[in-house]
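# Fold and geometry: a report
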Amino acid sequence: MEADWTETVRIALPGPSPNAPSSPVTTFCFDDSQELLWTGNDHGRVTSFYGPELQRYTSYQGHVSTAPRGIPGNAHVKALLLCNKGVISLSSRSIHCASRRGLAQWHFASPGMQDLRCMAFTGRGSASEEIVVAGCQQQMYRINFEKGTMLETVSPSPVPYTMMRRSAQYICASAHDGSIHLLDPNTLAVVQTWQAYAGTVNDMDARGDYLLTCGWAQQQYGGLGLERLVRVYDLKQLKPAAPISFQQGAAFVRMHPKLSSTCIVLSEWGAINSIDVQNQDVPVMRFAPMFDAQVTGLDILPSGKGFVMSDSHCQVVLWGSQSKVRFTEYSKTTEFPDPQMQSKHLDWAADLPLNLIGMPYYREALLSGWPNSLAHEIGAPPPKLEPALIAKLRKTEPGLVGANPRKTRRNQAEDTRASRQTHEPLAAPKFLSEKPRGEHGDHDSKRRLSEDIGKTLNALTVNGGSQADMLAYYRPVEIKYSKFGVDDFDFKYYNKTKYSGLETHIVNAYANPLLQLFRFTNVARNLVLRHTAKDCRYESCLLCELGFLIDMLEKAQGQNCQATNFLRALSKQPGAATLAILEDHTINTPLAIMVQNLTRFMFTRMEDCFQRVAYNVGELQVAFATRGSAFSRCMHCSYEDAKEQAWYSHDLIYPPKPAKNSPRPVRHSFTRLLQDSVHRYDQQRGYCNRCQGYKPITSRRVVHTMPAALMINTAIHTPEARQLWATPGFLPHEIGIINANSQFYCYEGQDLELHLQRRTHTIIVYQLVGLVADVAAGDAQKSHLVSIVDASISDPDPTSTTDWHLVNDFLVRPIAQEEALLFDPRWKLPSVLTYQMKSRSHDLDDSWKAGIDASILYRSVAQPAFTSSYKFRPLSVFESLPNNNTYYAIDAEFVRLLREEIDMGADGSRTITRPARSGLARVSVLRGDRLEPELPFIDDYIATDEPVDDYLTQYSGLHAGDLTPGISRFTLVSLKEVYKKLWVLLNLGCKFIGHGLSSDFRTINIHVPEGQVVDTQDLFSLGHRSQRKLSLRFLAWLVLNEDIQQSVVAGHDSIEDARTAYKLWRKYLEYEDAGVLESVKDDILQKGRQMDFKVKIIVEKDGRRLPETPRTSTPSTPVKRPVSMVRMSTPARSEFGSPLK
């Protein structure tokens, strides 16, 4: 380190997006062939800087961060390596290689990559083509970075490694326990080990014959601290050498690239020492000003003429001589983009002659001037290979090789241009705000579908219409968003049945078809609703959330629903993130595999949730579990072990592929596959307790009892299995199972009828409820899942006939049984099947409604009284339960969890690609027509562990921290507890009074039938007079002569809003009883137009902002007859005028 070295450049590392703040530097290194410094951040982005001025050169996303906006990323770049091919970057879950210009070369990510930390070259210099990657996990990987191929997976790893450096002979690696290991580059075997530190190794470097390390050691007065020594190891003699003293605490160390025995040591607070390892008496000491920051990294220029360090303020600092700083001595030329030619400025004035505008010189006719007869289409795109054909191809060195299907004659030209024209999905309908309204303000239901595409598509059949037309219903459907949000989308355009669909704009919405399958399975429906009606206090109970969802789908009667709460609870389940069932943690996993994994996982979690209330899973196993014994027998010593098991789902086992010279293959039936899969026999190597070693083990199952509902995963992975499902009539509508004397038999078709007639054995008949199908409707369409169900099974009418429906998210339509059970390997294959005992058909158990446990209503707690007007009293066990004649006022407040995403078009148009996501923050419910009206008995604030984007204080009255457990000024409860209270009130039959309840109930994710909703926004709707929706504050000011929602800073109060809605409902009953309602609405319209439907504000002399008092007094009602609390029909117009006049 020379005397004139000083700070030359200090820059901040850019954030993950243009407007984001600076991001911390997680790693950095110099390019040994060009004047470039490479850095990585916590969002997986790699950025390079050119020259001593550290000008930005390239920046690219190497690794995907799943963290929401505004919080630190979770894809830290752990290490960087430079090679001839480009830059190799490493994060905890992936390895990426890109050229120096930022173009991706290859990328590796697999489920086994969980916590990668370090990597190193296995060879020396430019001759190396391999790297080894390791981390705090069981596997190590050897990768050929020139070819972009993974050569070997070393499992298990000897120890968890956190850092690697390549020396002349060894790979030096530090372990998580503070030990140092020397690895053989060829075999990765451990050659030498030193236990260096009580904590972890903070930094190390190897060059020549020396290895230098810094780490955390045990301090004298307890705790770990940076050791005041730099440990030195002689790699030639494989023994420790004399350490280097560094009193400030050695944090980072680097060997000088030109002086073989000189190193630079750096402390956390900027103390710098340049020391010769062989002569430690005269160190060169300097100090770098850190400005209250800590050093987080160090690296020396390859030329040795300076060094770079990073700090905790997200800054990169370059030290060196102002006139001598150069990254490499002999660097290659760095490639830059070509300079852009500046266009000449033209003044396009209105009076400018056009002949002054220059035109390009040309001597031949322009292409636009050629006649149409000379324009021809030349060439043709290659034919599109079908997925079934690609599955049969085998990999060879030149590429994929397989048999020619010969679909055309020899020398016959194929019109590949027409075949590549993709069919458009169903055209999205107009928004509701764009449609004409009827006389009463409702949307015209007799509109054209063309909207009117439905006239054509509804007439299609499987045999009569073309396959391309039939696929239109199976393609993914998308929700379009207007400025009014998702409420403006016409879901009825896609669903004219009484069965509700599920929306798709939610994470993990791929599970919608499986949830629909449970909804139409009576066994599942009855079980989860009985559980939901009990007092289950487990916050993330999947059984309760599934019960809430099924009850909502039944009450909706064809209106769209969403599985937001269930999918949120699913993402919080223990172990869900490690399995391939969450979209945020899964990359390139087929949806068919994901939904089959989800089926197994759901039953595992449902069993745990069921035990929390029932303490016995017997009822759940009777419903879904195949109970029996699993036997394993050692082929060497004949030792047999048996244990009782319960299988909630079964994966189909397919027959092996027949040999080429085998006779004509036997036709396999579905029941034969199911019989072999349930009563399976397998042989593999396993551990024998008697032999004390691994021996050939045979395993078999003996079934004792069969469940009421049978869940089957088709597990289609081979071309032969796909082709088997293409057999017409392969999937039977009914199957019979005989389980007697430890034998298991399945029958279908005529065999089933024969056994039913003989009645020799007890046979259980199962009926197909439905299936989840994996659909790829069109060459350009992505694979997605749909459910196909027989809705007649869940119909309580025992005389109902087969009624098959296609449920494609929120698109629901009836289909024929032939279409439902028709499979094609090219675009439609089943993933999950559900059979149910035929005796359980039409069996809907609603006894849970009479036995709902309402004890949760008595557990409501009062909030801290910040004002003297706050009053609260929970429901008491001495009060009678709510019923059909009970009215409650309700209001809710929300916060914004995620902003909406908007796509800006080239023409400036704005398209909402994802709506804003809100979260429930507060719910207040007030007594209605009982004792103590307007007194709250529910006032709950909901705790959230998700980041809140905006508390919407102006409307919610909430501030930062109000929903955070531990720091909130309110008593917080879980979302499930609040939802369960509302669900209990709903099913007890009470009626809810509020203002704008439709949007509140949608965000809460609960469906309340119209007969249980009293919405003052609809009661005081102006009808044919105006489409305007009146605000609660305006109605309170004009009708009640009350001013609410006064403070913009304090925001709305849900108790005040609910109480106001209750008073408006009482006024409405008075007006309706007196026969003056229409006159009141006329006056509301007249005065609203005068004031633009807003409350006028008057500023007093003292600065107070008060609303202007209406010129008329509080509306009064002429005395006609006593007011009834029951909602009445509107009488004829009487002689009384409007009380507002």
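Below, the structure is looked at part by part. (Residues numbered from 1 in each chain as written. Predicted model: local features only at pLDDT ≥ 70, side-chain atom pairs only at ≥ 80, totals over all residues. Heavy atoms only, no water.)

## Quick look at the sheet that holds strand 3 (residues 36-41)
Across the sheet, 4 strands lie side by side as 2-3-4-5; this open sheet has antiparallel pairing. One side of each edge strand has no neighbouring strand; the edge strands of this open sheet are strand 2 (25-30) and strand 5 (55-61). Put simply, the sheet's adjacent strands are angled 20 degrees from each other on average, direction ignored. Examined bridge by bridge, strand 2 and strand 3 share 5 bridges and lie antiparallel to one another. Among the inter-strand pairings, Cys29 is bridged to a residue of strand 3, identified as Trp38. (Pairing = 2+ DSSP bridges. Helix = DSSP H or I, 4+ residues; strand = E, 2+ residues; numbered from the N terminus. Axes fitted to C-alpha atoms, helices over the stretch in contact; angles between N-to-C directions.)

## Re the packing of helix 7 (residues 542-556) against helix 8 (residues 564-571)
One can describe the packing of helix 7 onto helix 8 by two numbers: an axis separation of 9 Å at closest approach and a directional angle of 165 degrees. Between helix 7 and helix 8, the angle falls in the class roughly antiparallel. Classified by chirality, the crossing of helix 8 by helix 7 is left-handed. Here Leu542, Glu545 and Leu546 of helix 7 lie close against helix 8, whose contacting residues are Asn565, Phe566, Ala569 and Leu570. Class assignment of the residues belonging to the contact of helix 7 with helix 8 gives a composition of 5 nonpolar, 1 polar and 1 charged. (Parallel < 35°, antiparallel > 145°, perpendicular 65-115°, else oblique. Left-handed = near helix turned anticlockwise from the far one by under 90°. Contact = heavy atoms within 4.5 Å. Nonpolar A, V, L, I, M, F, W, Y, C, P; charged D, E, K, R; others polar.)

## A short note on helix 5 (residues 512-519)
Judged by how many residues are buried, helix 5 sits mostly within the fold: 8 of 8 residues are covered. Here helix 5 has its buried residues at Asn512, Pro513, Leu514, Leu515, Gln516, Leu517, Phe518 and Arg519. (Buried < 20%, exposed > 50% of the residue type's maximum accessible area, 1.4 Å probe, protein only.)

## Re the sheet that holds strand 26 (residues 271-276)
Across the sheet, 4 strands lie side by side as 24-25-26-27; this open sheet has antiparallel pairing. Looking at the sheet topology across the chains shown, the edges are occupied by strand 24 (252-255) and strand 27 (284-287). Here the strands of the sheet are splayed against their neighbours by 15 degrees on average, with no regard to which way each runs. In this sheet, strand 26 lies alongside strand 25 (residues 262-266) in antiparallel orientation, the contact comprising 5 bridges. What sits directly across from Leu266, in strand 26, is Ile272.

## Thoughts on the packing of helix 7 against helix 16 (residues 975-987)
Following both chains from N to C, one finds helix 7 and helix 16 inclined at 40 degrees, their axes separated by 12 Å at the closest point. Comparing their axes, helix 16 and helix 7 come out oblique. Here the hand of the crossing between helix 7 and helix 16 comes out left-handed. Where helix 7 approaches helix 16, its residues Cys544, Glu545, Phe548, Asp551 and Lys555 are matched on the opposing element by Lys976, Tyr979, Lys980, Trp983, Leu986 and Asn987. A breakdown of the residues in the contact of helix 7 with helix 16 according to their chemical character gives 5 nonpolar, 1 polar and 5 charged.

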